[in-house]
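What follows is the residue order along each chain.
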Amino acid sequence: MVDKSLELFDCGHRACGGCGPALAAKLILKGTGEDTIVVASTGCMEVFSTPYPETAWKVPWIHSLFENAAAVASGIEASLKHNNRTEKVVCVCGDGATFDIGMLCISGAFERGHDITYICYDNEAYMNTGIQRSGATPYDASTTTSPAGKYSMGNSRPKKDLPQILAAHGATYVATASVAYPMDLMKKVEKAVNTPGACYIQIHAPCSTGWGFEGGKTIEIGKMALECGLWVNYEMENGRLVKAKKVKRVPVDAYLKAQKRFRHLFKPAPVTDEIAKIQAIADANAEKYGIDIEL
Amino acid sequence: MLQIMEGSHAVAEAVRLCRPEVVSAYPITPQTHIVERLAEMVADGDLDAEYICVESEFSALSACLGSSAAGSRVYSATSSQGLMLMAEVVFNVAGMRQPIIMSIANRALGAPLSIWNDQQDSLSLRDSGWFQLYGEDVQEMTDQHFIAYKAAERHDVLLPGFVCFDGFILSHTYEPVDIPTQEEIDAYLPKYVPYNMLDAKNPISMGMYATPEYYHEFRYEIDRAMDRCATALSEAGKEFGEMFGRDYSEHIESYRMDDADIAFVALGSLCGTVKDAIDEMRADGIKAGLVKIRTYRPFPKNDIAKALAGVATVAVLEKNISIGSAMKGAVGPEVLHALNGTGISVYSYVTGLGGRDIRKKDIRNIAELAVKGEGDMFYGLREEVL
Ligand SMILES: Cc1ncc(C[n+]2csc(CCOP(=O)(O)OP(=O)(O)O)c2C)c(N)n1
Ligand code: SF4
């Protein structure tokens, strides 16, 4: 068992108030423990946690580029293996680094089956460069490259299903988690780092700045995403779904209304057909993962 | 003991003797034979290393960076498009001061696609912070691998390096080559001792981001290390000479330069042809000589200035092009700068791109052009296809 009282992601970072990814980092390291090497990608977390000569990381940490964490981790793992070292190799990367530009390296590392855990903190856009859409941005979210406008309802594509893609690569363990459920998150991280082979965890990490909500509401927003079914916490082992968190689902409206990135769906008047499309995404999730609690 | 070996296989042998712990590379002509041979060595247990079979050159060098950061001696090899795909990582490795050695079997860049030799690929990355060595023949390019590791890993250097050799012309040529024994190389090149590394017992952060308060000084430190690299390479080359009888303490090699009026400057296998052409020119009473550059980065400015001091004219043979630049090649301006204020005429000749043959008569023609003051040009253009 890992000592959960250790603060391995310590004070001194410069994240915004209520930053979901900063909380994710803290919880991830409580799941991995000290014997861990973290590989980062360029993005908010890298920038807010390591302004030279300071660092918030109390475990060995390395950042190379935006898109190559999985390949760097492959090399670290090979070196450790050669020297019979036992540290866990854990990538902690943004959704842009993961869903988009990093896919080549991730696909390669997973196909080769390196003993690494790749964790994506999913704040659903490129935040470091000013809130641009990524393959993880949800349908209709307004970002600076998918702005809502006279002829646009925001991001025109649904979220890419990366967990399924990596499960199809033969990942031994794939899970989703949320910063709003810390015990579950830490448990999944601990499980992943102790599972041999390439494992993937995607963590829902609300971003107060990018999504447009008060910094004190991060956990509340995170919970709302699960309660409406737009985010599902589940686990897959060897490509099979083994567990999904059940909920008494509520309509998506409240979750959308709570964030500025969806404001255009309600102002000046509710765009009912678009909200219905988002509701359909939540309904499809509920069916796919069987999360509805029967009343 | 001399053995007849293909250039690529001689390189693979040298790499094996250097005992890398991790090898990661991706096949590309004309580099392929090196990685194939290394994979065989690992498969047969002749090389105790992890061989990471990556999906691209981009990941190959990224994986090498990770292994190096974790404290291992690592190796990669590539050519042309492969090096371009790595480019972002190439700069990053230097910035992170990882002493990775990579062989470059030089090949032209697309478009149009060409698998044949010129030196555009490695010379394009001259500003990346990797030192660059160029070999003339199989023996020299093989030996340069030992020297490269020895210099790169010094704690007052910690820079990555390219060992470059002309694709096909050297990589696929069979030549007699003397390969040292493992005992000899173990005595020459001790186990790599990292300056710092990723280690849970002593956690550090690597590759952080730097504000304008710090970035400038980081680049300065890399440049300083590159200066010290000149000494490190020279010392490693001298020690190699003392142990193996082949001395590489000099960054350049002078050929018939004592009384030369006209001097050529060149890199790599072309130097063999130039030496033969010089012998013929000398027989005809033309006092020609050659300065062969072994170390292009760090650029041996003072050595070159000294070697060229007595000549009237310098013709730089460029198997590369710096498109849009005044001199057209990447080597010429450096030579010109080394000779600044001496009044010696320096001209560049872009020649032999994409595998075009360079013959002795071309060398002679270039000498004539240089003496007439015609230079900084493409040599040997086929007017009928323009
Ligand atoms: C090759 C390359 N392209 C673009 C960038 C610019 N860039 C830096 S971080 C970033 C977005 C990061 O997004 P994400 O991975 O989602 O992390 P976040 O900032 O949201 O934490 C971009 C586009 C870069 N650093 N490198
Ligand atoms: S922009 Fe978002 S992800 Fe970045 S530091 Fe602020 S809250 Fe965190």
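Model, not experiment: these values are computed from the prediction.

Reading the values: the criteria
Residues numbered from 1 in each chain as written. Chains lettered and ligands numbered in written order. Predicted model: local features only at pLDDT ≥ 70, side-chain atom pairs only at ≥ 80, totals over all residues. Heavy atoms only, no water. Helix = DSSP H or I, 4+ residues; strand = E, 2+ residues; numbered from the N terminus. Rg over C-alpha atoms; globule rule 2.2 N^0.38 Å. Buried < 20%, exposed > 50% of the residue type's maximum accessible area, 1.4 Å probe, protein only. Contact = heavy atoms within 4.5 Å. Areas by Shrake-Rupley, 256 points an atom, 1.4 Å probe, with all protein chains shown as cover. Lys, Arg positive; Asp, Glu negative; His and termini not counted. Charge placed at Lys NZ, Arg CZ, Asp CG, Glu CD. Axes fitted to C-alpha atoms, helices over the stretch in contact; angles between N-to-C directions. Parallel < 35°, antiparallel > 145°, perpendicular 65-115°, else oblique. Left-handed = near helix turned anticlockwise from the far one by under 90°. Near = heavy atom within 4 Å. Polar contact = N/O pair within 3.5 Å; in protein donor to acceptor, adjacent residues only side chain to side chain. Nonpolar A, V, L, I, M, F, W, Y, C, P; charged D, E, K, R; others polar. Salt bridge = Lys/Arg side-chain N within 4 Å of Asp/Glu carboxyl O. Pairing = 2+ DSSP bridges. Right-handed = clockwise from strand over helix to strand, strands pointing away. Buried area = accessible area lost by both parts, 1.4 Å probe. Expected span 1.5 Å × (residues − 1). Disulfide = S-S within 2.5 Å.

Undergrad: Before we move on, can you summarise the overall build of chain B with the specific residues and values?
TA: Counting its regular elements, chain B contains 12 helices and 16 strands. By the compact-globule yardstick of 21 Å for 386 residues, chain B fits well, its C-alpha radius of gyration being 21 Å. With the principal axes as the frame, chain B shows a C-alpha extent of 65 × 55 × 45 Å. When burial is assessed residue by residue, chain B has 58% of its 386 residues classed as buried. For chain B, the proportion of contacts with a sequence separation of at least 24, taken over those separated by at least 6, is 79%. As presented, chain B carries roughly 15100 Å² of accessible surface, and 51% of it is formed by carbon and sulfur atoms. Charge centroids of chain B, computed over 34 positive and 56 negative side chains, lie 3 Å from each other.

Undergrad: So what's going on with the packing of helix α1 (residues 7–17) of chain B against helix α2 (residues 32–43) of chain B? Which residues, and what values?
TA: Residue and element names in this part refer to chain B. One can describe the packing of α1 onto α2 by two numbers: an axis separation of 8 Å at closest approach and a directional angle of 45 degrees. Classified by the angle between their axes, α1 and α2 sit oblique to one another. Crossing hand, α1 versus α2: right-handed. Counting all contacts with α1, which are made through Ser-8, His-9, Val-11, Ala-12, Glu-13, Val-15 and Arg-16, the residues of α2 involved are His-33, Ile-34, Arg-37, Leu-38 and Met-41.

Undergrad: How would you summarise the site of ligand 1 if you had to cite specific residues and measurements?
TA: Looking at ligand 1, there are 18 residues lining it, with Gly-96, Ala-97, Tyr-121, Met-127 and Asn-128 of chain A nearest. Looking at what sits near ligand 1, you find residues from chains A and B. One nitrogen or oxygen atom from the side chain of Asp-95 of chain A is found 3.2 Å from an oxygen atom belonging to ligand 1. Interatomic distance of 3.0 Å between a backbone N/O atom of Ala-125 of chain A and an oxygen atom of ligand 1. Within the complex, the protein chains bury 78% of what would otherwise be the 590 Å² of accessible surface of ligand 1. For the shell around ligand 1, the element with the most residues is helix α4 (residues 95–100) of chain A, which contributes three residues. Within the shell around ligand 1, the residues separate by chemical class into eight nonpolar, seven polar and three charged.

Undergrad: Lay out the environment of Thr-117 of chain A with the relevant residues and their values.
TA: Residue and element names in this part refer to chain A. Residue position: Thr-117 is located in strand β4 (residues 117–122). A relative accessible area of 2% places Thr-117 in the buried class. Spatially, the C-alpha atoms of Thr-117 and Ser-142 are 31 Å apart, while their sequence positions differ by 25 residues. Leaving out residues up to four positions away in the same chain, Thr-117 has contacts with Val-89, Val-90, Cys-91, Ala-192, Val-193 and Cys-199. There is a polar contact of 3.4 Å between the side chain of Thr-117 and the backbone oxygen of Ala-192.

Undergrad: I'd love a proper account of the site of ligand 2, names of residues and values included.
TA: Residue and element names in this part refer to chain A. Close contacts around ligand 2 come from Ala-15, Cys-16, Cys-19, Pro-21, Cys-44, Phe-48, Asn-123, Cys-207, Ser-208 and Thr-209, and that covers them all. Within the residue set of the shell around ligand 2, elements represented by two or more residues are α2 (44–49) and α8 (208–211). Along the lines of polarity and charge, the residues of the shell around ligand 2 split into seven nonpolar, three polar and no charged.

Undergrad: Help me get a handle on the pattern of salt bridges, residues and values and all.
TA: With the rule as written, the count across this model stands at 45 salt bridges over all chains. A single salt-bridge network, built from bridges that share partners, covers Glu-136, Glu-140, Glu-253, Lys-275, Lys-292 and Arg-294 of chain B.

Undergrad: I'd like a description of the pairing of strand β4 (residues 74–78) of chain B, backed by residues and values.
TA: All names here are of chain B. With five of its five residues buried, β4 lies for the most part within the structure. The alternating pattern of β4 places Val-74, Ser-76 and Thr-78 on one face and Tyr-75 and Ala-77 on the opposite face, and all of these are buried. Where strand β2 (residues 22–24) and β4 come together, two bridges link them in parallel fashion. The partner of Val-23 across the bridge, within β4, is Tyr-75. In this sheet, strand β5 (residues 101–106) lies alongside β4 in parallel orientation, the contact comprising four bridges. Residue pairing across strands places Thr-78 opposite Ile-104, the latter belonging to β5. The β-α-β motif built from β4, the intervening helix α4 (residues 80–95) and the parallel element β5 has right-handed crossover chirality.

Undergrad: Please set out the interface of chain A and chain B residue by residue, giving values where relevant.
TA: Every contact between the two is made by 40 residues of chain A and, on the other side, 39 residues of chain B. Across the interface of chain A and chain B, roughly 3100 Å² is buried in total on both sides, 62% from carbon and sulfur atoms. Remark: the boundary between chain A and chain B carries two salt bridges. Ionic pairing is found between Glu-55 of chain B and Arg-112 of chain A, a salt bridge with its closest N-O pair at 3.0 Å. Applying the counting rule to chain A against chain B returns 18 residue pairs in polar contact (both at pLDDT 80 or more). At the level of elements, β1 (36–40), α2, β2 (61–63), α3 (69–82) and α5 (103–112) of chain A are the ones that each hand at least two residues to the side of chain A that touches chain B. Top element by residues in the side of chain A that touches chain B is α3 of chain A. It accounts for nine residues. Here the side of chain A that touches chain B is built from residues that sort into 17 nonpolar, 13 polar and 10 charged. For β2 of chain A and strand β9 (residues 205–206) of chain B, the ladder comprises two bridges, and the chain directions are parallel. Directly across from Ile-62 of chain A, in β9 of chain B, lies its bridge partner Met-206 of chain B.

Undergrad: Describe in detail the sheet that holds strand β8 (residues 199–204) of chain A, supporting the description with residues and values.
TA: If you walk across this open sheet you meet the nine strands as β10(A)-β9(A)-β7(A)-β8(A)-β4(A)-β3(A)-β1(A)-β2(A)-β9(B), and the pairing is mixed. In this open sheet, the two edge strands, each paired with only one partner strand, are β10 (240–244) of chain A together with β9 of chain B. Two elements, strand β7 (residues 173–178) of chain A and β8 of chain A, share six bridges in a ladder whose sense is parallel. Counterpart to Val-174 of chain A in the pairing with β8 of chain A is Tyr-200 of chain A.

Undergrad: Can you break down α3 of chain A residue by residue, with the values?
TA: Here α3 of chain A spans 20 Å end to end across 14 residues, near enough to the 20 Å set by a 1.5 Å rise per residue. Just past α3 of chain A, the residue Asn-84 of chain A takes up positive phi, approximately 50 degrees.

Undergrad: Tell me what's going on with the side chain of Thr-143 of chain A, and back it up with residues and numbers.
TA: All names here are of chain A. Secondary-structure assignment places Thr-143 in the loop between β4 and β5 (148–149). On the accessibility criterion, Thr-143 (7% relative accessible area) is buried. Among the polar contacts listed, one links the side chain of Thr-143 to the backbone nitrogen of Arg-133, at a separation of 3.2 Å. Within the structure, Thr-143 has its side chain in polar contact with the side chain of Ser-146 (distance 2.7 Å). Apart from residues no more than four positions distant in its own chain, Thr-143 is found in contact with Ile-131, Gln-132, Arg-133 and Thr-137.

Undergrad: How would you sum up the state of the cysteines? Please name residues and give values.
TA: Residues and elements named next belong to chain B. All told, the structure shown has zero disulfides over all chains when counted by the stated rule. Cys-64 takes part in no disulfide bond, and the closest cysteine sulfur to it belongs to Cys-53, at a distance of 12 Å. Judged by its relative accessible area of 0%, Cys-64 falls in the buried class.

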